[in-house]
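Summary of structural features
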Amino acid sequence: MPQDDFYMALAINNAKSMKGQTEPNPLVGSVIVNGGRVVGIGAHLKAGEPHAEIHALRMAGDAARGGTIYVTLEPCSHHGRTGPCAEAIVNAGLKKVVIATLDPNPLVSGNGVAILERAGIDVKVGVCEEEARQMNEVFNLFITEKRPFITLKAASTLDGKIATRSLDSKWITSEEARLDVHQLRSENQAILVGVGTVVEDDPELTARIPDGRNPLRIVLDSSLRISLDSKIVADGLAETWIFTAQKVDSEKKAALEQLGISVFETSGLKQVDVRDVVRILGEKSISSLFIEGGGTVNAAFLEAGLVDKTVFYFAPKLIGGKQAPTFIEGMGYDLMKDAVELERGEFVKIGKDFKFTGYPVKK
Ligand SMILES: Nc1c(/N=C/[C@H](O)[C@H](O)[C@H](O)COP(=O)(O)O)[nH]c(=O)[nH]c1=O
């Protein structure tokens, strides 16, 4: 493997090991090499704390002088909660800087490189760029579109059913696959279901893994039919927000608010307007949303072109039944040429089940 890729891969692995603890900041890793030896290594650990380059520079000390620093994201040039990294790199006397990706924020992209080049430092950009961009897919989208990165998750039998015709759904996928879902829940700031799932499953929507972080729970409930003693209203295990259509029963709304539930009205007449939901979540700095919909909600987000990533779990089971619900309901598309195509598709096996990850091609 070429030397630059080797050290950048080390920096990327460092960054990735901090997944779930740097929000709303991106994952960033850095490695300093001098005379063929790694003399400093660092990762951004927590928003508001020093950046990856600063940790690596502190570890390297004088051994950084004349060396090369690898960093997965363009060194910052602005005075955020910590001083600019580009200046720290110049002051430490580095000879070369290798960067995987430029800053996605259009306001600062390229500024860090300019500071380095003005100081006569040799700068190389684009090493392991795709992998470094991929690990910050959530941050990159949120910082550019000010809306949450949306992952659509479903678990179904091989014939696409999320429950039997009698609506029994316990369980489709095995324990290992369901644990994997809880890991994904823990990595997302918010989780969203339709009120149909609440009525049928009475879910907790918590991340039940060691050190799991419970996401904010969001329910689309156009006419506020959720029951006051459903778990996500009454259990206090995580915050719960409900989005409705226009003009809902003010008494029910007040009763829910009494229980600490936030209720947001959207402009939808009969159905909740999912575009309003996404806009409001962006305004409230929710940067990642995990949809465990039910088929109607899943279809609404898909048809609105708001799904950034799909994660589907398929159990090697067949349940059949014309009435059995599937994981994409709604109107659907008329012609096959209008199908939502998924790219960069990957299948992995989890126990007996299969996990498919793919990215809807943006039209
Ligand atoms: N029925 C299945 C799923 N069902 C997911 C439902 O949307 C609902 O979230 C759960 O049934 C209850 O949630 P909680 O565990 O109480 O938080 N999801 C899965 O991955 N596999 C399945 O077999």
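Heads up: the structure comes first, above all this text.
This text gives an overview of the structure that appears in the document. (Residues numbered from 1 in each chain as written. Predicted model: local features only at pLDDT ≥ 70, side-chain atom pairs only at ≥ 80, totals over all residues. Heavy atoms only, no water.)

1. Considering the sheet that holds strand S10 (residues 262-265)
Which entries qualify depends on this criterion: Following DSSP output, two strands are said to pair if at least two bridges run between them. Only DSSP runs of H or I covering at least 4 residues are called helices, and only runs of E covering at least 2 are called strands; the numbering of each starts at the N terminus. Axes here refer to lines fitted to C-alpha atoms; in helices the fit is confined to the stretch in contact. Angles between the N-to-C directions go from 0 to 180 degrees. Any two residues having at least one pair of non-hydrogen atoms within 4.5 Å are treated as being in contact.
An order of S10-S9-S8-S7-S11-S6-S12-S14-S13 is seen for the nine strands of this open sheet, with the pairing classed as mixed. The outermost strands of the open sheet, each flanked by one partner alone, are S10 and strand S13 (342-350). Ignoring which end each strand starts from, the neighbouring axes of this sheet average 20 degrees apart. Relative to strand S8 (residues 216-220), strand S7 (residues 190-194) is paired through five bridges, and the arrangement is parallel. Residue Gly-194 lies in a different strand from S8, and its bridge partner there is Leu-220. Sitting on the sheet, helix H6 (residues 137-145) is in contact with strand S6 (149-157), strand S11 (288-291), strand S12 (309-315) and strand S14 (353-360), with an inclination near 130 degrees to S6. Contacts between helix H12 (residues 295-303) and the sheet are confined to S6, S7, S8 and S11, with S6 contributing the most and set at about 140 degrees to the helix.

2. A look at the sheet that holds strand S3 (residues 68-73)
The strand order across the open sheet built from five strands is S2-S1-S3-S4-S5, with neighbouring strands paired in mixed fashion. In the strand order of this sheet, the two ends are held by strand S2 (37-43) and strand S5 (122-125), each with one partner. Neighbouring strand axes in the sheet, compared pairwise and without regard to direction, differ in orientation by 15 degrees on average. Here strand S1 (residues 29-34) runs beside S3; their pairing, made up of four bridges, is antiparallel. What sits directly across from Val-33, in S3, is Thr-68. In the packing of helix H2 (residues 52-60) onto the sheet, contacts are made with S1, S2 and S3, and the angle to S2 comes to roughly 140 degrees.

3. Brief notes about the site of the ligand
Our working definition: Residues are counted as near a molecule or strand when any one of their heavy atoms sits within 4 Å of it. Think of a polar contact as two N or O atoms within 3.5 Å of one another; within protein, one of them needs to be a possible hydrogen donor and the other a possible acceptor, and neighboring residues in sequence only count if both atoms come from side chains. Under the convention used here, a 1.4 Å probe and the Shrake-Rupley method define accessible areas, while residue burial counts only the protein chains that appear. Note on residue categories: nonpolar means Ala, Val, Leu, Ile, Met, Phe, Trp, Tyr, Cys or Pro, charged means Asp, Glu, Lys or Arg, and polar means any other residue, Gly included.
Taken together, the neighbourhood of the ligand is formed by 18 residues, with Ile-172, Thr-173, Arg-185, Leu-205 and Arg-208 sitting nearest. Note that a nitrogen atom of the ligand is positioned 2.7 Å from one of the side-chain N or O atoms of Thr-173. When the ligand sits alone it has 520 Å² of accessible area, and the protein chains cover 90% of it. Among the secondary structure elements, those contributing two or more residues to the shell around the ligand are S6, helix H7 (175-187) and helix H8 (195-201). Classifying every residue of the shell around the ligand by side-chain character gives six nonpolar, four polar and eight charged.

Function cannot be read off these values alone, since they describe shape.
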